[in-house]
Amino acid sequence: MQRILLFLYRIRAFLLFVLLESVAIWLMVSNNSQQGSVFFNSANQLSGGILSTQNNIVEYFSLSSVNKSLVDKNAELLAELEYYRNPADSIFIPVDSLMAATFNFKGAKIINNSINLSQNFITINKGSNYGIKEGMGVFNEEGVVGRVKGVTKNFATVISLLHTELLVSSKIASTEVFGSTKWDGKDSKIAKLLYVPRHAVVEVGDQVVTSGYNAVFPEGIPIGTVLEVKAGSDANYLDITIELATDFSRLSYVYLVENYLEDELELLNENGGDINE
């Protein structure tokens, strides 16, 4: 303490100078409107710049939580949208608590992703504790991503669309021609649209979307755009190449969709198969 007091005593002249200068500046800006206006405008600009920088830094470090909340909110909105898009009955029927939308949507963050293998998988940060189930479809704002394969309490594994054994029921949006999208294991941006009849009219630039024919994805989720159409090695089908809508090298957040009627549809298909046999 004695050293501090001794130091202050040594610079007493400088401290007195600073005090008198501060008083002089205050008297000048207080009694002269022009100088005062310049001073306060400059001070406001400086403090505003500092606060703006501080706010930008805080926002940057909170982006992760912001993105998570946005994904969760978008999932809720997607569920509501799907509910209102359901076709209306020919007569009015009151809706009670037992009636719900066909699809349920949830959001999740990708924590691992591969694109350079022939069978690629994705890991997300939510599992059965968050309502994630095997078989749920996965997509983002660009298009189809894949399908849930395995689930633990807090994580889930997704079969990527970049997997040579995954087929996605698809259609040409403009003509309603159906087929199946499958990756050939080569370019992560390119896939094939299979089983499109040779007589079908398909043009470069046509949009390929989910067909809604299976219980995994709602109808109309983007898959890709037709790049090339030519005669296939099989005389019955076209050889169609599409550019995938999803950029798998930049995946961050995804949506998961559950079809409440999936079990019923699968049971119906199984029964239909038994009859055909």
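Quick caveat, the model's predicted, so the values are computed rather than measured.

A. Spotlight on the packing of aromatic side chains. Scanning the entire structure with this criterion turns up 4 aromatic pairs. Between the aromatic rings of Phe-139 and Tyr-255, the centroid separation amounts to 5.7 Å while the plane-to-plane angle is 45°, which identifies the pairing as tilted. With Phe-139 in strand E3 (residues 137-139) and Tyr-255 in strand E12 (residues 253-259), this pair connects stretches of sequence that are 116 residues apart. Residue Tyr-255 is classed as buried on the basis of its relative accessible area, which comes to 9%. Ring centres 4.2 Å apart and planes at 25° place the aromatic pair Phe-178 and Tyr-213 in the stacked group. Of this pair, Phe-178 sits in strand E7 (residues 178-182) while Tyr-213 sits in the loop between strand E9 (207-210) and strand E10 (222-231), and the two are 35 residues apart along the sequence. On the accessibility criterion, Phe-178 (29% relative accessible area) is partly exposed. Judged by relative accessible area, which is 62%, Tyr-213 ranks as exposed.

B. Here's a closer look at unusual backbone geometry. Its identity is not glycine, yet Glu-176 carries a phi of approximately 65°, on the positive side. Even without being a glycine, Tyr-195 presents a positive backbone phi close to 65°.

C. Looking closely at the nonpolar core. If you look at the biggest cluster of nonpolar residues, it comprises 46 residues, and the most contacted ones within it are Ile-124, Ile-242 and Leu-256. Once you skip the residues sitting within four places of it in the chain, Ile-242 turns out to touch Thr-181, Lys-189, Ile-190, Ala-191, Leu-193, Val-208, Ile-223, Thr-225, Val-226 and Leu-227.

D. Up close: a nonpolar patch on the surface. Together, Ile-4, Leu-5, Phe-7, Leu-8, Phe-14, Leu-15, Phe-17 and Val-18 make up a nonpolar patch on the protein surface, roughly 770 Å² of accessible area in all. Looking at the nonpolar patch, the elements that each hand over two or more residues are helix H1 (2-10) and helix H2 (12-31). In this fold, Leu-8 is placed in helix H1. Of the residues examined, Leu-8 reaches a relative accessible area of 37% and is grouped as partly exposed.

E. Representation of the sheet that holds strand E8 (residues 190-194) in the model. As summarised here, the arrangement of the 6 strands in space is E6-E7-E8-E11-E10-E9, forming a closed barrel in which the pairing is antiparallel. When the angles between neighbouring strand axes are averaged without regard to direction, this sheet yields 40°.

F. Summary view of the side chain of Asn-140. Its place among the elements puts Asn-140 in the loop between E3 and strand E4 (144-151). Overall, Asn-140 belongs to the buried group, its relative accessible area being 7%. Among the polar contacts listed, one links the side chain of Asn-140 to the backbone nitrogen of Glu-142, at a separation of 2.9 Å. Not counting chain neighbours up to four residues away, the residues in contact with Asn-140 comprise Val-145, Thr-246, Leu-251, Tyr-253, Val-254 and Tyr-255.

G. Up close: the pattern of salt bridges. As enumerated under the stated definition, the model contains 4 salt bridges in all. In this structure, Lys-133 and Glu-258 form a salt bridge, with 2.9 Å as the shortest nitrogen-oxygen distance. Here the residue Lys-133 occupies a position in the loop between strand E2 (119-124) and E3, and Glu-258 occupies one in strand E12, the gap between them amounting to 125 residues. Using a relative accessible area of 11% as the deciding quantity, one classes Glu-258 as buried. Linking Asp-239 and Lys-192 is a salt bridge whose minimum nitrogen-to-oxygen distance equals 3.0 Å.

H. Examining the environment of Gln-207 more closely. With respect to the helices and strands, Gln-207 occurs in strand E9. Relative accessible area serves as the criterion here: at 41%, Gln-207 is assigned to the partly exposed category. Separated by 36 residues in sequence, Gln-207 and Lys-171 place their C-alpha atoms 8.5 Å apart. Within polar-contact distance, the side chain of Gln-207 engages the backbone oxygen of Gly-205 at 3.3 Å.

Definitions and cut-offs
Residues numbered from 1 in each chain as written. Predicted model: local features only at pLDDT ≥ 70, side-chain atom pairs only at ≥ 80, totals over all residues. Heavy atoms only, no water. Phe/Tyr/Trp six-rings, centres within 6.5 Å; stacked < 30°, edge-to-face > 60°. Helix = DSSP H or I, 4+ residues; strand = E, 2+ residues; numbered from the N terminus. Buried < 20%, exposed > 50% of the residue type's maximum accessible area, 1.4 Å probe, protein only. Core = buried A, V, L, I, M, F, W, Y, C linked by side-chain atoms within 4.5 Å. Contact = heavy atoms within 4.5 Å. Patch = residues over 30% accessible without salt bridge, like charges linked within 9 Å, V, L, I, M, F, W, Y side chains within 5 Å. Areas by Shrake-Rupley, 256 points an atom, 1.4 Å probe, with all protein chains shown as cover. Salt bridge = Lys/Arg side-chain N within 4 Å of Asp/Glu carboxyl O. Pairing = 2+ DSSP bridges. Axes fitted to C-alpha atoms, helices over the stretch in contact; angles between N-to-C directions. Polar contact = N/O pair within 3.5 Å; in protein donor to acceptor, adjacent residues only side chain to side chain.

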